[in-house]
Amino acid sequence: MTDTVTMTSEDEGVVVMTMQDVPNRNAFTEPFVDRLLERFREASEDRENRVIILRGLEDIWCAGAHQDLLLELAEGDMDAGDILLSKALLDVPIPVIAAMEGHAIGGGLALALCCDVLIMARESRYGCSFMNMGFTPGMGITRLLQDAVGEYIAKEMMFGGQLFRGTHFESRSGVNYVLRKSKVFWKAQQLARRMAEKPRFALETLKGDLSIRQRQAFELTRTRESHMHRLCFGRPETAARIRENYTKPT
Amino acid sequence: MPVPSKQEIIDIVKEHLMDNLEDMDDVEFDPDKSMKDMGANSLDIVEVVSCTMRDLKVKVPRAELSKLDNVTQLVDMLHATALEKEAAA
């Protein structure tokens, strides 16, 4: 069986973590979430690592929760395990660069927002699909997105559920780079090499400080988001909406 | 709202396709082609179709949409659905 999250290192101190659950199109299933958590831990513990580039498939960076997982949430009282992902990624002690060559949707976008540097592709799409399926956004995105793209654009994205092309964010957000897909990983490598020249203890110290805002945002939202989820997932129509409106990139 | 003609629906699809793919300027819009052939990716198509359905106030299940090969077939299906909706009203 192929590994759903690989780790390689070509440049000293730079680890490239690639999400590549091809059959599930990089959507969160329980095994995929477990593997990601394991990889975040591994990459953090290896003291040789100084920067992580988080990469996905060429056309899909991360699709957020798998439809089956959402249906389980809507039909039972299962806890959303993907919430752990945001926390685990925010706790990675070194800088993480999201090299989003492909689309990032819903929880996939939330995952990106837990990174330190964001690189989008002009051609790919990014958005919050939660409300299309009748439930409120999760994984800390209600606050993290506002910090990344501004309050009003974040509201538009969360209420509307539209998936914007990367180009939409070029001049109206705090996203670091929006580039042609073919240049996304190249740019991530350039940034990573620059950061990897710095000593790990200093990178760790700075990361601990600079990520306070994101960690606070996440802690502030998790209780409220869980409360809103209980309200929405308890509604009988939510499962039907998930079945009809789940966006599955093909 | 009267049911728009097929040509009017083509124009709506075209408008949303252009709006969604700004690099469409150098691509000729041809309803006999699929949106994919005109440079759209799977999520571009989701956006274009959902915006068009919203304008027409119709909803076609995704399973039906996935069987279509080109824009003309999409327009035919949306037009037929709009007529059915009007007849039922």
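Calculation criteria
Residues numbered from 1 in each chain as written. Chains lettered and ligands numbered in written order. Predicted model: local features only at pLDDT ≥ 70, side-chain atom pairs only at ≥ 80, totals over all residues. Helix = DSSP H or I, 4+ residues; strand = E, 2+ residues; numbered from the N terminus. Rg over C-alpha atoms; globule rule 2.2 N^0.38 Å. Buried ≥ 20, exposed ≤ 12 C-beta atoms within 10 Å, placed from the backbone. Axes fitted to C-alpha atoms, helices over the stretch in contact; angles between N-to-C directions. Parallel < 35°, antiparallel > 145°, perpendicular 65-115°, else oblique. Left-handed = near helix turned anticlockwise from the far one by under 90°. Contact = placed C-beta atoms within 7 Å. Pairing = 2+ DSSP bridges. Nonpolar A, V, L, I, M, F, W, Y, C, P; charged D, E, K, R; others polar. Core = buried A, V, L, I, M, F, W, Y, C linked by C-beta atoms within 7 Å. pLDDT = per-residue confidence, 0-100.

### Remarks on the overall build of chain A
A tally of helices and strands in chain A yields 10 helices and 12 strands. The C-alpha radius of gyration of chain A comes to 17 Å, within 12% of the 18 Å expected for a compact globule of 250 residues. Along the longest, intermediate and shortest principal axes, the C-alpha atoms of chain A span 55 × 35 × 35 Å. When each of the 250 residues of chain A is scored for burial, the buried share is 49%.

### Some details on the packing of helix α1 (residues 6–20) of chain B against helix α4 (residues 71–88) of chain B
Residues and elements named next belong to chain B. Here α1 crosses α4 at 120°, and the two axes come no closer than 9 Å. The orientation of α1 with respect to α4, classified from their angle, is oblique. By crossing handedness, the relation of α1 to α4 is classed as right-handed. Across the interface between the two elements, K6, I9, I10 and V13 of α1 pack against V71, L74, V75, L78 and H79 of α4.

### Concerning the sheet that holds strand β7 (residues 96–100) of chain A
All names here are of chain A. Judged by pairing direction, the sheet is mixed, and its 6 strands sit side by side in the order β1-β2-β4-β7-β9-β12 without closing on themselves. Unpaired on one side and paired on the other, β1 (5–8) and β12 (177–179) mark the two borders of the sheet. The mean inter-strand angle of the sheet, taken between neighbouring strand axes irrespective of direction, is 20°. Relative to strand β4 (residues 51–55), strand β2 (residues 14–19) is paired through 5 bridges, and the arrangement is parallel.

### Re the packing of helix α2 (residues 67–75) of chain A against helix α10 (residues 237–245) of chain A
Residues and elements named next belong to chain A. Contact pair α2 / α10: the axes reach a minimum separation of 9 Å and the direction vectors enclose 170°. If you check the angle between α2 and α10, you find them roughly antiparallel. Packed against α2, whose contacting residues are Q67, L70, L71, A74 and E75, the element α10 presents T238, A239 and I242 at the interface. Taken together, the residues of the contact of α2 with α10 sort by class into 5 nonpolar, 2 polar and 1 charged.

### Structural notes on the nonpolar core
By size, the foremost hydrophobic cluster in this structure holds 94 residues, and its most contacted members are I97, A98 and I119 of chain A. Apart from residues no more than four positions distant in its own chain, A98 of chain A is found in contact with L54, A112, C115, V117, L118 and I119 of chain A.

### Some remarks on the environment of K187 of chain A
All names here are of chain A. In this structure, K187 sits in helix α7 (residues 181–196). Owing to 17 C-beta atoms within 10 Å, K187 belongs among the partly exposed residues under this scheme. Considered as a pair, K187 and F135 are 52 residues apart in the sequence and their alpha carbons are 35 Å apart. With residues up to four places along the chain from it excluded, the contact list for K187 reads I119, Y177 and L179.

### With respect to the interface of chain B and chain A
You'll often see interface size given as the accessible area lost when the parts meet. Taken together, the contact pairs 7 residues of chain B with 11 residues of chain A. Broken down by element, the residue count for the side of chain B that touches chain A peaks at 4 residues, all from helix α2 (residues 42–56) of chain B.

### Quick word on the environment of N132 of chain A
All names here are of chain A. Residue position: N132 is located in the loop between β10 (125–127) and α5 (141–149). Using a count of 21 C-beta atoms within 10 Å as the deciding quantity, one classes N132 as buried. Distance from N132 to Y246, taken between C-alpha atoms, is 7.7 Å for residues 114 residues apart in sequence. Residues contacting N132, with those up to four places away along its chain left out, are G161 and N245.

### Observations regarding the confidence of the model for chain B
Residue and element names in this part refer to chain B. Residues at a pLDDT of 70 or more form 97% of chain B, whose mean pLDDT is 89. Across chain B, the secondary-structure element scoring lowest on mean pLDDT is helix α3 (residues 62–65), at 85, and the one scoring highest is α4, at 94. Taken together, the chains of this predicted complex give a pTM of 0.90 and an interface ipTM of 0.75.

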